[in-house]
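As a plain string of letters, each chain reads:
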Amino acid sequence: MSGHSTYQPSNGFAKWLDARLPVGRLVWDSFVDYPTPRNLNYWWTFGGILSLCLGVQIVTGIVLAMHYTPSAAAAFTSVEHIMRDVNYGWLLRYMHANGASMFFIAVYIHMLRGLYYGSYKAPREVLWILGCVIYGLMMATAFMGYVLPWGQMSFHGAVVITNLLGAFPIVGDAITTLLWGGFAVDEPTLKRFFSLHYLLPFMIAGVVVLHVWALHVVGQNNPTGVDPKSKADTLPFTPYATVKDGFAMSVFLILFAVFLFYMPNALGHADNYIPADPLVTPSHIVPEWYFLPFYAILRAVPEKLIGVLAMFGSIVCIFALPWLDTSKVKSMRYRPQARLYFFIFLVVCVILGFCGAKLPDDQVIPGLTTFVLVDSDLNSFVWLSRVATLYYFAYFLVVMPLLGLLEKPLPTPETISSPVLGGEHKD
Amino acid sequence: MLRKVTLLAAALLLVGGPAMAAAKAHEPEPVAFSFEGPFGRFNQVQLQRGYKVYREVCSSCHSMTLLAFRNLGDPSGPFFDPEYSAEKGLTSNDNPVVKALAADTQIPDLDGETGDPITRPGIPADRFPSPFPNIIAAKASNGGIAPPDLSLMAKAREGGPEYIASLLQGYGPPEHGVTLAPGQHYNKYFPGGVIGMAPPLAVDKVSFDDGTKSTVKQQAEDVAAFLMWAAEPKMEERKKMGFSVLIFLVLFSGMLYASYRRVWKNESH
């Protein structure tokens with residue numbers, strides 16, 4: 001937090017450097033002395049876990065790039081060369097591929113934590129938006145990374161997603177041509193995706209610096225949503241937060257290791273082990289799991305342009321959240337009604353994910369044919385995704401603005417330490 | 001409202017129930033492969049039999065371009081011999097069995113002096129030779145569709161090795177009114193049921209050197225195991241490393257948790 005620094009250079013060199021470039025002071029103020037609310041729970045450890053994920057992706061990615069060939073003719077075999085002939089290449093590639101999934105698991109938990117505890121509310125709007133920018137960059141990076149092995153799902157996924165942008169009037173065709181580097185997904189597309197896939201993670205790292213900077217200006221939110229008022233409410237980052245973050249990271253790595261070593265292909269798709277063939281379309285094109293809810297929103301709308309707008313709109317809603325939520329109370333701990341809508345929202349996101357993985361006309365309840373409503377049977381995933389999409393938008397555009405005005409929140413504590421020291425149970 | 005919809009749905013269920021008669025592929029039959037589970041390993045003798053099935057049957061139509069003969073002698077491979085491993089300062093290239101298997105095949109090459117196309121006996125560094133000189137030839141000889149490469153087949157299909165084993169045994173007369181054109185066959189495990197590949201296996205089609213009875217089931221499961229190894233040759237190394245990593249992480253997490261408790265001992269939170 002911006003305040004007066006307690007850094008004491010410990011030796012002559014540190015003193016000399018502090019007068020010239022105070023990096024030691026910066027690290028001390030940001031990661032040692034930095035006051036953190038004493039009541040942070042484990043949901044607050046995902047920021048640290050995410051920086052670990054970014055580090056893992058960048059380090060494994062740089063080594064993979066030393067062995068990978070970004071060309072339509074050689075990309076697929078170069079990935080298999082990594083898997084078979086490069087020392088520990090299989091480890092690097094599986095770390096990178098599963099690491100992407102772990103990154104998204106962590107980022108979704110991190111975002112939902114922010115949503116639940118109102119971490120986007122004043123004065124943390126810029127912090128929240130920077131986080132949304134990181135998430136957007138992550139999605140672009142992950143999408144382009146998935147294209148690089150040049151398997152069937154890589155290729156046809158790239159065709160489907162890039163074609164979406166063509167739906168925009170006037171500029172659509174120009175954008176897709178620019179993305180493709182030609183008139184179809186081909187060699188130039190792969191080359192520019194590789195280049196951008198290498199660039200974007202460093203942009204993410206840059207925005208992460210801004211995100212952490214903004215965090216250290218406004219300070220962390222906490223489960224009560226009440227800002228720290230005195231020194232009794234906070235503890236220094238080191239050792240208190242570092243040891244807790246370290247423990248959480250290690251547990252998270254166990255999950256990562258189980259996927260990496262025992263089911264490295266469980267989150268992928270079998271079709272991506274078939275080399276890309278523009279003339280053979282897979283029977284069922286699906287994106288990676290972390291995009292499935294958005295894919296379901298896209299397909300819920302019969303009109304292509306509106307579908308694309310709905311998909312992008314679903315992300316814009318997250319950006320606009322600080323101004324959509326009208327409640328003065330940050331934490332949903334004290335907003336029982338908001339909590340109910342939040343958990344429905346959570347379930348709806350999971351349902352959207354399921355819908356995205358299914359064919360639109362597949363039956364939700366097998367064997368049950370009902371009646372055709374507009375264009376599809378009511379008992380179909382397309383209708384389920386329509387209902388879910390409606391709730392998704394209603395949550396941001398109706399529930400959030402209205403609930404803050406209508407609900408009656410529970411009383412919030414005076415200070416962080418009052419409920420804590422008062423012995424109230426923690427959740 | 002919801003109740004009304006449910007009732008309506010229940011009523012319509014009676015009317016529209018049997019509308020889904022489209023040919024759905026059968027789920028693959030489960031096989032208890034030795035490499036399943038966190039401690040599963042390849043059965044080396046089974047991989048050797050599987051290689052024989054591939055070499056004598058499959059390889060007449062299917063390529064395996066990602067595999068080299070030297071891979072057969074790599075750790076956990078079908079012909080791995082600890083005598084010819086890195087610990088002894090040797091590699092699979094020195095393994096006489098691997099050398100002999102490679103030498104059994106003819107590899108297209110260019111004459112180093114004249115540049116004329118020739119064939120020569122294989123060496124361990126050679127990749128498995130492909131049955132057709134190019135994709136056009138492969139298509140022309142197979143009714144317009146090239147037989148897929150088998151290097152990654154066990155990872156490139158839902159169901160993996162179990163699907164392969166089932167498919168190879170799944171031939172039979174067409175079910176529910178499927179009509180077959182000349183050169184087509186019915187296989188209940190193949191999506192859509194109509195497959196171009198003729199039944200490749202038969203009793204005693206491959207004779208196993210270890211005396212195993214050569215049934216179609218045996219051949220199918222052995223070649224499926226071989227293809228799993230071919231698709232994921234580092235599987236044993238991966239699981240072994242995973243075990244050590246997990247033990248380390250569990251202990252490390254325990255130590256970090258103890259540190260956490262100690263650091264926070266006097267702080268309420």
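Reading the values: rules and limits
Each chain carries its own residue numbering, running from 1 in the written order of its sequence. Following the order in which they are written, the chains are lettered starting with A and the ligands numbered starting with 1. Predicted model: local features are reported for residues with pLDDT of at least 70 only, side-chain atom pairs are reported and counted for 80 or more only, and whole-chain, interface and lining totals are derived from all residues. Derived side-chain values reflect all non-hydrogen atoms in the structure, with water molecules and hydrogen atoms excluded from consideration. Helix numbering and strand numbering both begin at the N terminus, where a helix is a DSSP run of H or I of at least 4 residues and a strand a DSSP run of E of at least 2. Values of the radius of gyration come from C-alpha atoms, whereas the globule rule sets the reference at 2.2 Å times the count of residues to the power 0.38. We call two residues in contact when some of their heavy atoms are within 4.5 Å. Any residue under 20% of the maximum accessible area for its type is buried, any over 50% is exposed, and the rest in between are partly exposed; the area is computed with a 1.4 Å probe on protein chains only. With residues, only the protein chains shown are counted as cover, and all accessible areas are computed by Shrake-Rupley using a 1.4 Å probe. Any Phe, Tyr or Trp ring, taking Trp's six-membered ring, that has another such ring centre within 6.5 Å forms a pair; planes under 30 degrees apart are called stacked, those over 60 apart edge-to-face, and the others tilted. Note on geometry: a ring has a charge over it if NZ (lysine) or CZ (arginine) is within 6 Å of the ring centre and within 35 degrees of the ring normal. The quantity known as pLDDT measures the predictor's confidence residue by residue, on a range of 0 to 100. Accessible area, probed at 1.4 Å, shrinks when two parts are joined; the buried area is that loss added up over both. One speaks of a salt bridge when a side-chain nitrogen belonging to Lys or Arg is within 4 Å of a carboxyl oxygen belonging to Asp or Glu. Polar contacts, as used here, are pairs of N or O atoms within 3.5 Å; protein pairs need one atom able to donate a hydrogen and one able to accept it. Residues neighboring in sequence count only if both atoms are side-chain atoms. Think of it as three bins: nonpolar holds Ala, Val, Leu, Ile, Met, Phe, Trp, Tyr, Cys and Pro, charged holds Asp, Glu, Lys and Arg, and polar takes everything else, Gly as well. In this analysis an axis means a line fitted to C-alpha atoms, helices contributing only their contacting stretch, and an angle means the value between N-to-C directions, from 0 to 180 degrees. With respect to orientation, any angle under 35 degrees is reported as roughly parallel, any angle over 145 as roughly antiparallel, any angle of 65 to 115 as roughly perpendicular, and every other angle as oblique. Note on convention: the crossing is left-handed when the near helix lies turned anticlockwise from the far helix by less than a right angle, right-handed when the turn is clockwise. The pairing criterion is simple: DSSP has to find at least two bridges between the two strands. Each helix should span, by expectation, one fewer than its residue count multiplied by 1.5 Å. Here the nonpolar core consists of buried residues drawn from Ala, Val, Leu, Ile, Met, Phe, Trp, Tyr and Cys, with membership extended through side-chain atoms lying within 4.5 Å.

Enquirer: Any chance you could explain the overall build of chain B here in plain terms?
Expert: Secondary structure assignment for chain B yields 8 helices and 4 strands. For chain B, the α and β elements follow one another from N to C terminus as α-α-α-β-β-α-α-α-β-β-α-α. In summary, chain B has a C-alpha radius of gyration of 26 Å against a globular reference of 18 Å for 269 residues, an excess of more than 25%. With respect to the principal axes defined by its C-alpha atoms, chain B has extents near 80 × 70 × 40 Å. Within chain B, contacts between residues at least 6 apart in sequence are counted, and of these 59% link residues at least 24 apart.

Enquirer: Got a minute to help me understand the overall build of chain A in this structure?
Expert: For chain A, the count of helices and strands is 15 helices and 4 strands. Taking 427 residues into account, the globule formula puts the C-alpha radius of gyration at 22 Å, and chain A, at 24 Å, falls close to it. Projecting the C-alpha coordinates of chain A onto the three principal axes gives extents of approximately 65 × 60 × 45 Å. Out of the 427 residues in chain A, the part that is buried amounts to 51%. Taking as baseline every contact in chain A between residues at least 6 positions apart, the subset at least 24 positions apart corresponds to 78%. In the structure as shown, chain A presents an accessible area of about 19,400 Å², 73% of it carried by carbon and sulfur atoms.

Enquirer: When you look at the packing of aromatic side chains in this model, what are you seeing that I'm missing?
Expert: Here the distance between the centres and the angle between the planes together describe a pair of aromatic rings. Overall, the coordinates contain 50 aromatic pairs over all chains when judged by the stated rule. Ring centres of tyrosine 7 of chain A and tryptophan 28 of chain A lie 6.2 Å apart, and the angle between their planes is 50 degrees; on these two criteria the pair is classed as tilted. Taken together, the residues tyrosine 7 of chain A in the segment before α1 (12–20) and tryptophan 28 of chain A in helix α2 (residues 23–31) connect sequence positions 21 residues apart. On the basis of relative accessible area, tryptophan 28 of chain A is assigned to the partly exposed category, the value being 32%. Taken together, the ring pairs in this structure connect Tyr51, Tyr54, Phe69, Phe79, Phe128, Phe226 and Trp229 of chain B into an aromatic cluster. Just above the ring of tryptophan 264 of chain B sits the side chain of lysine 244 of chain A; from NZ or CZ to the centre is 5.4 Å.

Enquirer: I would appreciate a short explanation of the confidence of the model for chain A in the present structure.
Expert: Low pLDDT means the predicted coordinates in that region are not meant to be read closely. When the pLDDT values of chain A are averaged, the result is 94; 97% of them are 70 or greater. Low pLDDT (under 50) marks residues 423–427 of chain A, which in the prediction has 5 contacts with non-local residues, meaning those over four places away or in another chain.

Enquirer: Please clarify how the interface of chain B and chain A should be interpreted in this entry.
Expert: When the parts come together, some accessible area is lost, and that loss is often what is quoted as the size of the interface. Taken together, the contact pairs 46 residues of chain B with 45 residues of chain A. When chain B packs against chain A, close to 3,900 Å² is buried across both sides, 66% of that on carbon and sulfur atoms. Linking chain B with chain A are 3 salt bridges. Residue aspartate 85 of chain A is joined to arginine 127 of chain B by a salt bridge in which the shortest nitrogen-to-oxygen separation is 3.8 Å. Along the contact surface separating chain B from chain A lie 12 residue pairs in polar contact (both at pLDDT 80 or more). Only α1 (2–16), α5 (153–156), α7 (216–231) and α8 (235–263) of chain B provide two or more residues apiece to the side of chain B that touches chain A. The greatest single-element share of the side of chain B that touches chain A, amounting to 17 residues, is contributed by α8 of chain B. Split by residue class, the side of chain B that touches chain A holds 27 nonpolar, 8 polar and 11 charged.

Enquirer: How do you make sense of the packing of helix α6 (residues 160–169) of chain B against α7 of chain B when you look at a structure like this?
Expert: To describe two helices that pack against each other, one gives the angle between their axes and the distance between the axes. Residues and elements named next belong to chain B. The contact between α6 and α7 brings their axes to 8 Å, and the two run at 150 degrees. As summarised for this structure, α6 and α7 are arranged roughly antiparallel, according to the angle between their axes. Between α6 and α7 the crossing geometry is right-handed. Listed contacts from α7 to Pro161, Ile164, Ala165, Leu168 and Gln169 of α6 are Val216, Lys217, Ala220, Glu221, Val223, Ala224, Leu227 and Met228. Grouping the constituent residues of the contact of α6 with α7 by class yields 10 nonpolar, 1 polar and 2 charged.

Enquirer: How should I be thinking about the pairing of strand β1 (residues 106–110) of chain B in this particular structure?
Expert: The two faces of a sheet get side chains in turn, since along a regular strand they alternate between them. All names here are of chain B. As defined by bridge partners, β1 adjoins strand β2 (residues 117–121) across 5 bridges and the pair is classed as antiparallel. In the sheet register, proline 108 faces β2, and the bridge partner there is threonine 119. Taking the residues that link successive antiparallel strands as the turn, the β1-β2 hairpin has 6 residues, and the phi of glycine 115 there is positive, at about 80 degrees.

Enquirer: Whenever I open this one, the pattern of salt bridges confuses me. Can you help?
Expert: Once their charged atoms are close, side chains differing in charge can pair, the charge on each being opposite to the other. By the definition in use, this model includes 23 salt bridges over all chains. In this structure, glutamate 232 of chain B engages lysine 155 of chain B in a salt bridge whose closest nitrogen and oxygen atoms are separated by 2.5 Å. Taken together, the residues glutamate 232 of chain B in the loop between α7 and α8 and lysine 155 of chain B in helix α5 connect sequence positions 77 residues apart. The exposure class of glutamate 232 of chain B is buried, given its relative accessible area of 4%. Ionic contacts of the salt-bridge type, sharing partners, join the residues Lys121, Asp325, Arg335 and Glu407 of chain A into one network.

Enquirer: How do you make sense of helix α7 (residues 152–165) of chain A when you look at a structure like this?
Expert: It helps to recall that an α-helix has 3.6 residues per turn; residues three or four apart then point in one direction. Residues and elements named next belong to chain A. The end-to-end C-alpha distance of α7 is 21 Å, a good match for the 20 Å that 14 residues give at a rise of 1.5 Å each. Counting buried residues along α7, 10 of its 14 residues qualify, which places the element largely inside the surrounding structure. Turning to α7, its buried residues number three or more, namely Gln152, Met153, Ser154, Phe155, His156, Gly157, Ala158, Thr162, Leu164 and Leu165.

Enquirer: Please clarify how the side chain of asparagine 222 of chain A should be interpreted in this entry.
Expert: Residues and elements named next belong to chain A. Structurally, the position occupied by asparagine 222 is in the loop between α9 (187–218) and β2 (234–236). Among the residues examined, asparagine 222 registers a relative accessible area of 0% and is labelled buried. In this structure the side chain of asparagine 222 is engaged in a polar contact, spanning 2.5 Å, whose partner is the side chain of threonine 224. Within the structure, asparagine 222 has its side chain in polar contact with the backbone oxygen of valine 226 (distance 2.8 Å). Beyond its immediate chain neighbours, meaning those up to four positions away, asparagine 222 contacts Pro37, Asn39, Leu40, Trp44, Pro228 and Ile416.

Enquirer: Could you clarify how one ought to interpret the confidence of the model for chain B in this entry?
Expert: Of the residues in chain B, 91% have a pLDDT of 70 or more, and the chain-wide mean is 90. For this predicted complex, the interface score ipTM comes out at 0.92, while the overall pTM is 0.92.

Enquirer: Can you help me understand the nonpolar core in this one?
Expert: Within soluble globular proteins, side chains that are nonpolar generally end up buried alongside one another. Counting residues in each nonpolar core, the largest one holds 150 residues, and the members touching the most others are Tyr392, Tyr395 and Phe396 of chain A together with Met64, Leu72, Phe128 and Phe226 of chain B. Non-local contacts of tyrosine 392 of chain A, meaning those with residues more than four positions away in its chain, are made with Phe294, Ile297, Ser314, Ile318, Phe345, Val348, Cys349 and Leu352 of chain A. Grouped together as the second largest cluster of nonpolar side chains are 5 residues, Tyr240 and Val243 of chain A together with Tyr260 and Trp264 of chain B included.

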